[in-house]
Amino acid sequence: MPSIDETLGQYSELFILLAAMAFTVAFIAFCWDLATSSKTIRAVENRLAEQHAEQKVPATVGGGAGPAAGATADIAVADESMDYAGERRNAARIGVAVSVLGAIILAAGVISRGIAAHRVPWGNMYEFCTTGALVVAVVYLLTLIKKDLRFLGSFVIGLVVIMLCAAAIGFPTPVAHLVPALQSYWLVIHVSVAVIASSLFTLTFSMSVLQLLQANREARAGQPDRLAFMRLAPSALTLENVAYRINAVAFVLWTFTLMAGAIWAEKAWGRYWGWDTKEVWTFVIWVVYAGYLHARATRGWTGTRAAWLSIVGYLCVIFNFSIVNVFFSGLHSYSGLQ
């Protein structure tokens, strides 16, 4: 007869599997929205171009003069404030709704895991992945209340799916007690802030990738548009500015993560810094993002250079979480993998 903790652990795994399926559906819906919306925009532009040639009237998408201007009132095109002019975004609405459902199910999985383990559920890579995926999804959904970032859905929710698949396939770990060094209230402080910072870095990574795509598209103005779906996203400059602001907040959180980790290390091992591999890479991430903020604010590193710095910073986060945890031994070897 399985114990209550074992039963909760099994339910947790089931919830996380169901959440992964829900987010996969949401990812498909967001991708479908990009595909269908971009085709609709292109068809309208072609029709407007034909009418412009026949009637000699201005042809603009999302409004403008001439009898054809009203034909585009229902097309979702992002402006500089990241708001959409149109309303016919059924696939995007489905994506958001299913993402909310997935977040609720995932929250149930994370909470039941914590109850089963009698601790906060982020003591190993499996738990960090699932909790991180939950925070990414929740932060994204909360952001949608203020800004219409549905164009980011396929990228952000896609990363959430990857995180959940990595947890279930790459880092499966049964419910277990923490190693002695982790049995501290600093686990809640240090790791929770690290999860939030990493989640914000995930959002800015998505924006930086989109910024590069949008910048390339803007540079090819007047040529055949191969990235029609990017018409749903704001300009490269807008994406860069928003990513910069979020990175600034995430950098403050990561600075606190570094400081809290040092304090925790002193309490656990009697020293603030020991050049452990995990400590070194945490500092490397801090240096990269500090360089990004400094270069953009004082050295004029804008555009694609700023985007690439942001991407490099996130790749360092991924390296620190995956490669360092799995292949490097040290005091921070808490992956939970056998």
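The residue numbering used here restarts from 1 in each chain and proceeds along that chain's sequence as written. Residues qualify for local features only when their pLDDT is at least 70, as the model is predicted, and side-chain atom pairs are given and counted only at 80 or more; totals for whole chains, interfaces and linings, by contrast, use all residues. Here the side-chain values reflect all heavy atoms present in the structure, with hydrogen atoms and water set aside.

Caption draft 1: Main features of a nonpolar patch on the surface. Residues Ile263, Tyr272, Trp273, Trp275, Phe283 and Val287 make up a contiguous nonpolar surface patch of about 620 Å² in total accessible area. Mapping Tyr272 onto the fold places it in the loop between α6 (236–269) and α7 (277–298). Residue Tyr272 is classed as partly exposed on the basis of its relative accessible area, which comes to 49%. Like charges within 9 Å and nonpolar side chains (Val, Leu, Ile, Met, Phe, Trp, Tyr) within 5 Å are joined into patches, using only residues over 30% in relative accessible area that form no salt bridge. For accessible areas, the Shrake-Rupley method is used with a probe of radius 1.4 Å. Any residue's cover is judged against the shown protein chains and nothing else. Definition used for salt bridges: Asp or Glu carboxyl oxygen within 4 Å of a side-chain nitrogen of Lys or Arg. Comment: elements are numbered from the N terminus, with helices defined as DSSP H or I runs of at least four residues and strands as E runs of at least two. Throughout this description, buried means an accessible area under 20% of the type-specific maximum (1.4 Å probe, protein chains only), exposed means over 50%, and partly exposed covers the range between.

Caption draft 2: Molecular detail of α7. Compared with an ideal rise of 1.5 Å per residue, which puts 22 residues at 32 Å, α7 spans 31 Å between its outermost C-alpha atoms and is within 8% of the ideal. All of the buried residues in α7 are Lys278, Glu279, Thr282, Ile285, Val288, Tyr289, Ala290, Tyr292, Leu293, Ala295 and Arg296. By definition in these notes, contact holds between two residues if any of their heavy atoms fall within 4.5 Å. On the buried face of α7, the contacting elements are α5 (186–219), α6 and α8 (304–327). The positive-phi residue at the C-terminal boundary of α7 is Gly300, with phi of around 70°. By definition here, a helix of n residues has an expected span of 1.5 Å times n minus one.

Caption draft 3: Just unusual backbone geometry, in detail. Although it is not a glycine, His118 adopts a positive phi angle of roughly 60°. Examined against the element boundaries, His118 turns out to sit in the loop between α2 (90–117) and α3 (125–146). On the basis of relative accessibility, which here comes to 59%, the residue His118 falls in the exposed class.

Caption draft 4: Structural detail: the pattern of salt bridges. Under the defined criterion, the tally for this structure stands at five salt bridges. A salt bridge links Arg150 to Asp148, with the shortest nitrogen-to-oxygen separation between them at 2.9 Å. Asp148 carries the same exposure label as Arg150, and that label is buried. A salt bridge links Arg271 to Glu279; its shortest N-O distance comes to 3.0 Å. Just as Arg271 is buried, Glu279 falls in that class too. Each of Arg113, Arg119 and Glu127 takes part in one network of salt bridges that share partners.

Caption draft 5: Structural detail: the packing of α5 against α8. Two elements in contact, α5 and α8, have axes whose closest approach is 9 Å; the angle formed by their N-to-C orientations is 145°. Seen from above, α5 lies across α8 with left-handed handedness. Only Thr304, Ala307, Trp308, Ser310, Ile311, Tyr314 and Val317 of α8 make contact with α5, whose side of the interface consists of Ser198, Phe201, Thr202, Thr204, Phe205, Ser208, Val209, Gln211, Leu212 and Ala215. Amino acids are sorted into nonpolar (Ala, Val, Leu, Ile, Met, Phe, Trp, Tyr, Cys and Pro), charged (Asp, Glu, Lys and Arg) and polar (every other residue, Gly among them). Among the residues forming the contact of α5 with α8, the class breakdown is ten nonpolar, seven polar and no charged. Helix axes are fitted to C-alpha atoms over the stretch in contact, other axes to C-alpha atoms as well, and angles between N-to-C directions run from 0 to 180 degrees. Left-handed describes a crossing in which the near helix is turned anticlockwise from the far one by less than a right angle; the clockwise case is right-handed.

Caption draft 6: View of the packing of aromatic side chains. Whether two aromatic rings pair depends on their centres lying within 6.5 Å, for rings of Phe, Tyr and Trp, where Trp uses its six-membered ring; planes under 30 degrees apart make the pair stacked, over 60 edge-to-face, and the rest tilted. For the coordinates displayed, the defined rule picks out 13 aromatic pairs. Put simply, the rings of Phe251, Trp273, Trp275, Phe283 and Trp286 touch in pairs and so form one group of aromatic residues. Whether a charge sits over a ring comes down to the Lys NZ or Arg CZ being within 6 Å of the ring centre and within 35 degrees of the ring normal. For the cation-ring pair, Arg296 lies above Tyr244, with the distance from its terminal atom to the ring centre recorded as 4.4 Å. The ring of Trp301 has Arg305 lying over it, and the distance from NZ or CZ to the ring centre is 4.6 Å.

Caption draft 7: Summary view of helix α4 (residues 153–170). Taking 1.5 Å of rise per residue, 18 residues should cover 26 Å, and α4 covers 24 Å from first to last C-alpha, within 8% of that figure. All buried positions along α4 are accounted for by Gly153, Ser154, Val156, Ile157, Gly158, Leu159, Val160, Val161, Met163, Leu164 and Ala167.

Caption draft 8: Seen up close, the side chain of Thr202. Its place among the elements puts Thr202 in helix α5. Setting aside residues no more than four positions away along its own chain, Thr202 makes contact with Val136, Leu159 and Tyr314.

Caption draft 9: Here's a closer look at the confidence of the model for the chain. Note: pLDDT gives the predictor's confidence per residue, expressed from 0 to 100. Of all residues in the chain, 80% have pLDDT values of 70 or greater, and the mean over the chain is 81. Averaged pLDDT values over the elements of the chain bottom out at 80 in helix α1 (residues 4–55) and peak at 93 in α2. Taken as a whole, residues 59–80 scores under 50 in pLDDT and shows 52 contacts with residues more than four places along the chain or in a different chain. Taken together, the stretch residues 83–87 has pLDDT below 50 and engages in 20 contacts with residues farther than four places along the chain or on a different chain.

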